[in-house]
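Next come the chains, spelled out residue by residue.
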Amino acid sequence: MAKRNQYRTHYGEGHSASANVRLLEAALSLKHRFFSIVALRRGLRRLRKWVLILLIVIPLVAGLIWGGMRAVEKAYSLSIDKVTFDARQQLISKEQALQILGIEGSINMATLDTGELKQKLEANHCIESADIRAELPDTLHIEINERIPVVYVEQESGADTGNRIRFFMDPNGHLFPVMPEYHRNFMGVPIWYLQPGDVSEFAAGTVVDEAKRRPIVELVAAANLYSLVEIPAIREIFRPKDWKIIATLDGGAEVLMQVYDIKGQMERLAMILEHCRATQRRPRSINVIPRINPTVNYAEPPAAGK
């Protein structure tokens, strides 16, 4: 009996069936191979594999593109809905800070430049430092540290020249504008009249030299330790010489001091004023420089029986 499929078995046991099929197909003409059912099935399998790959890859790529576009769109549509605000000295309100920044309505998170906003706040001479942070998805944090007014500063020559411009000075000697809307609780601080040459330029942003401002700052700080009954408010401060301070109290009394041992001199002033109240006498001038027997000039003689 003749062997069937002799082309498939002719090459011996060492050849696999698939190898025999490929050899058989190679022996056929191009026409037969093109229409070969076996080749057709193999092509369909390959086609199906690539179709499956494309069905997986195309949605994946499309999803990545769509997701990227959505992310970009969302980033550009992010708006800040919450603004937290902290003013260390409680002098400037949230609304006033936003007004300084020029922020009105919604803020776009994608186009927000916190560094520029920080510079804008610190460009205001009433603000010592600022910090601004944006927190996703919708929060802006604003923190500021305002300058504390210690005294007004005015040029002593202003009475003659008519230039009565005043600035505030903080404990570090920075001059900054008087803003009643910020400083309503500091409008009664003393006035320090500057001598020619005390500052290089009388303008906001100028810093008074430490040696010149130190005794003035110490004087105001020491006075604030007493009640207004013990030591009336200081209204004016002059420093005609480097070693000498003249402070005018509410009521008109002038106090002569030196720039050293401010605290000790204020203690002597408090005792002198207590004695004046006890004896019902009004001082006109007081020299608290001597540690022993400071001198007092009275505006009128003591009342009868005192």
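Here, the structure is the one placed above.
Residues numbered from 1 in each chain as written. Predicted model: local features only at pLDDT ≥ 70, side-chain atom pairs only at ≥ 80, totals over all residues. Heavy atoms only, no water.

Caption draft 1: Structural context of the side chain of E146. Relative to the helices and strands, E146 is located in strand 5 (residues 139-146). In this structure, E146 is buried with no salt-bridge partner, the nearest side chain bearing the opposite charge being R88 at 7.0 Å. Side-chain polar atoms of E146 contact the backbone nitrogen of L91, separated by 2.7 Å. Apart from the residues lying within four places of it in its own chain, the contact partners of E146 are A87, R88, Q89, Q90, L91, I92, C126, I127 and E128. (Helix = DSSP H or I, 4+ residues; strand = E, 2+ residues; numbered from the N terminus. Buried < 20%, exposed > 50% of the residue type's maximum accessible area, 1.4 Å probe, protein only. Lys, Arg positive; Asp, Glu negative; His and termini not counted. Salt bridge = Lys/Arg side-chain N within 4 Å of Asp/Glu carboxyl O. Polar contact = N/O pair within 3.5 Å; in protein donor to acceptor, adjacent residues only side chain to side chain. Contact = heavy atoms within 4.5 Å.)

Caption draft 2: Main features of the environment of C126. Along the chain, C126 falls in the loop between helix 6 (114-122) and strand 4 (127-135). The exposure class assigned to C126 is buried, which follows from its relative accessible area of 1%. Through-space distance from the C-alpha of C126 to that of P149 is 9.3 Å; in sequence the pair is 23 residues apart. In contact with C126, not counting residues within four places along its chain, are E146, R147, F176, P177, M179, Y182 and H183.

Caption draft 3: Spotlight on the environment of L136. Along the polypeptide, L136 turns up in the loop between strand 4 and strand 5. Taking C-alpha positions, L136 is 9.8 Å from S79, a pair spaced 57 residues apart along the chain.

Caption draft 4: Quick peek at helix 5 (residues 94-101). Burial in helix 5 covers these residues: Q96, A97, L98, I100 and L101. Elements in contact with the buried residues of helix 5: strand 2 (82-87), helix 6, strand 4, strand 5 and helix 8 (180-183). Phi turns positive, to about 75°, at G102, one or two residues after helix 5.

Caption draft 5: Geometry of the side chain of T139. Mapped onto the elements of the fold, T139 is located in strand 5. A distance of 3.3 Å separates a polar atom in the side chain of T139 from a polar atom in the side chain of D138. Contact partners of T139, with chain neighbours within four places excluded, come to I80, K82, T84, M109, R133 and A134.

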